[in-house]
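In case you want the letters, here they are:
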Amino acid sequence: MRVLALCGSLRKQSRSLALLEATSMLAPSQMEFRIFKGLGDLPLFNPDTEHITPSSVHALWDAVGWSDALIISSPEYAHGVTGTIKNALDWLVGCVSFVAKPVAVFNPSHRAEHADASLKEVLRTMNAYLIPGACLRIPATACELDATEMASLKEFAEPISSALLAIGMQQPGALN
């Protein structure tokens, strides 16, 4: 099974990114896991220029097409989804390989509600399949742990492993 992770924060020390890196460390050996690093290279979505698709957008489309499932981890900014993740999703609206794609949403905040609900609504509108048991709150923003530390602590490792199991169930026999 191939899983692509998208991080809604461009910060170098992003807790959302650390959470995804910890997830990569905990992924079973049968799961190929990649974190897409090009969201900051995407131009702002503009339908008037959609016919002139930049290589950064093609890279996103190719990565989504490669994947069997996605994981999105994104912080909440001013009660909303980040511009980074919203722009990426806007570019994916017309991406055929995104339709019905299984998606896990990791809410990295210990208190954010608005962006999580909004992100899930946007994904449903785009016909993504939100994976039961893999859309979780894993409070990474309340700590200063790096990915290795998160992967080694039960409070992070257990929900991440549970979500990975739910994601693996999307492809029968993939993790057997």
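The coordinates are above.
Residue indices follow the written sequence of each chain, beginning from 1 at its first position. Owing to the predicted nature of the model, reporting of local features is limited to residues with pLDDT of at least 70; listing and counting of side-chain atom pairs is limited to 80 or more, with chain, interface and lining totals taken over all residues. Computation of side-chain values: all heavy atoms of the structure, hydrogens and water removed.

A.B. asks: Summarise the overall build of the protein; cite the residues concerned and give the values.
C.D. replies: Secondary structure assignment for the protein yields six helices and eight strands. Think of it this way: any DSSP run of H or I at least four residues long counts as a helix, any run of E at least two long counts as a strand, and we number them from the N terminus. For the protein, the α and β elements follow one another from N to C terminus as β-α-β-α-β-β-β-α-β-α-β-β-α-α. In terms of overall size, the protein behaves like a compact globule, its C-alpha atoms giving a radius of gyration of 15 Å where 176 residues would be expected to give roughly 16 Å. Over its C-alpha atoms, taken along the principal directions, the protein stretches across nearly 50 × 40 × 25 Å. Partly exposed describes any residue whose relative accessible area lies between the buried limit of under 20% and the exposed limit of over 50%, with all areas from a 1.4 Å probe on protein chains only and scaled to the type maximum. Across the 176 residues that make up the protein, the buried fraction comes to 48%. Note on definitions: a residue-residue contact is assigned when non-hydrogen atoms from the two residues lie within 4.5 Å. Pairs at least 24 residues apart make up 81% of the contacts formed inside the protein by residues separated by at least 6 positions. In the protein, the 13 positive side-chain charges and the 17 negative ones have mean positions that sit 2 Å from each other. Both definitions apply: the radius of gyration is a C-alpha atom measure, and the globule rule equals 2.2 Å times residues to the power 0.38. Positive charges are assigned to Lys and Arg, negative charges to Asp and Glu, while His and the chain termini are left out of the count. To locate a charge, take NZ of a lysine, CZ of an arginine, CG of an aspartate or CD of a glutamate.

A.B. asks: Lay out the pattern of salt bridges in plain terms, naming residues and giving numbers.
C.D. replies: Definition used for salt bridges: Asp or Glu carboxyl oxygen within 4 Å of a side-chain nitrogen of Lys or Arg. According to the stated counting rule, one finds seven salt bridges in the structure shown. Arg137 serves as the salt-bridge partner of Glu113, at 2.9 Å between the closest nitrogen and oxygen. Here Arg137 lies in strand S8 (residues 136-137) and Glu113 lies in the loop between strand S6 (102-107) and helix H4 (114-125), a separation of 24 residues in the sequence. A residue is classified by how much of its surface remains accessible, and Glu113, at 49% relative accessible area, is partly exposed. Residue Asp116 pairs with Lys120 through a salt bridge whose shortest N-O separation is 3.0 Å. In this pair, Asp116 and Lys120 both sit in helix H4, four residues apart, roughly one turn of the helix.

A.B. asks: Tell me about the packing of helix H1 (residues 15-26) against helix H6 (residues 154-168), and name the residues and values.
C.D. replies: Axes here refer to lines fitted to C-alpha atoms; in helices the fit is confined to the stretch in contact. Angles between the N-to-C directions go from 0 to 180 degrees. It is at 10 Å that the axes of H1 and H6 come closest, and there the two elements cross at 65°. Compared by their axis directions, H1 and H6 come out roughly perpendicular. Considering only the axes of H1 and H6, their crossing is right-handed. Where H1 approaches H6, its residues Leu19, Ala22, Thr23 and Leu26 are matched on the opposing element by Ala157, Ile160, Ser161 and Leu164. Small angles under 35 degrees read as roughly parallel and large ones over 145 as roughly antiparallel, with 65 to 115 read as roughly perpendicular and the rest as oblique. When the near helix sits turned anticlockwise from the far one by under a right angle, the crossing is termed left-handed; a clockwise turn instead gives a right-handed crossing.

A.B. asks: So what's going on with H4? Which residues, and what values?
C.D. replies: Expected span of a helix, by definition, is 1.5 Å for each gap between consecutive residues, and there is one gap fewer than residues. With twelve residues, H4 should reach 16 Å at 1.5 Å per residue; the first-to-last C-alpha distance of 17 Å fits that figure. Within the span of H4, buried status applies to Ala115, Asp116, Leu119, Lys120 and Leu123. Here the buried residues of H4 occupy an arc of 130° about the axis, which is enough to place them on one side. Residue Asn127 follows H4 closely and has a positive phi angle near 70°. The directions from the helix axis to the C-beta atoms are what the arc is built from.

A.B. asks: Can you tell me about the packing of aromatic side chains, naming the residues and giving the values?
C.D. replies: Ring geometry is summarised as follows: Phe, Tyr and Trp rings, the Trp one being its six-membered ring, pair when their centres sit within 6.5 Å, and such pairs are stacked at plane angles under 30 degrees, edge-to-face over 60 and tilted between the two. The full count for this structure, using the stated rule, is one aromatic pair. For the ring pair Phe45 and Trp91, a centre distance of 5.0 Å and an interplane angle of 90° mean the geometry is edge-to-face. In this pair, Phe45 sits in the loop between strand S2 (32-35) and helix H2 (55-66) while Trp91 sits in helix H3 (residues 83-92), placing the two residues 46 residues apart along the sequence. Look at NZ for Lys and CZ for Arg. If either is within 6 Å of the ring centre and within 35 degrees of the ring normal, a charge sits over the ring. The aromatic ring of Trp66 is capped on one face by Arg34, whose charged end is 3.9 Å from the ring centroid.

A.B. asks: Help me get a handle on the pairing of S2, residues and values and all.
C.D. replies: The side-chain alternation of S2 yields one buried face, formed by Phe33 and Ile35, and one unburied face, formed by Glu32 and Arg34. The sheet contact formed by strand S1 (residues 2-7) and S2 spans four bridges and is parallel. Looking at S2, one finds that Ala5 is bridged to Ile35. Orient the strands so they point away from the viewer, and a crossover whose first-strand-to-second-strand path over the helix runs clockwise is right-handed. Each parallel crossover has a hand, and the one from S1 via H1 to S2 is right-handed. Strands are labelled as partners when DSSP assigns at least two bridges between them.

A.B. asks: Break down the nonpolar core for me, with residues and values.
C.D. replies: Definition of nonpolar core: a set of buried residues of the types Ala, Val, Leu, Ile, Met, Phe, Trp, Tyr and Cys, connected through side-chain atoms within 4.5 Å. Counting 31 residues, the largest nonpolar core has Ile71, Met150 and Ile167 as the members making the most contacts within it. Where this core is concerned, the elements lending two or more residues are S1, H1, S2, strand S3 (69-73), S6, helix H5 (147-152) and H6. In this structure Met150 touches Arg15, Ala18, Leu19, Ala22, Ala140, Cys143, Leu145, Phe156 and Ala157, once residues within four positions along its chain are discounted. In terms of nonpolar packing, the next biggest core, distinct from the first, is built from 26 residues, Trp91, Val105, Leu119 and Met126 among them.

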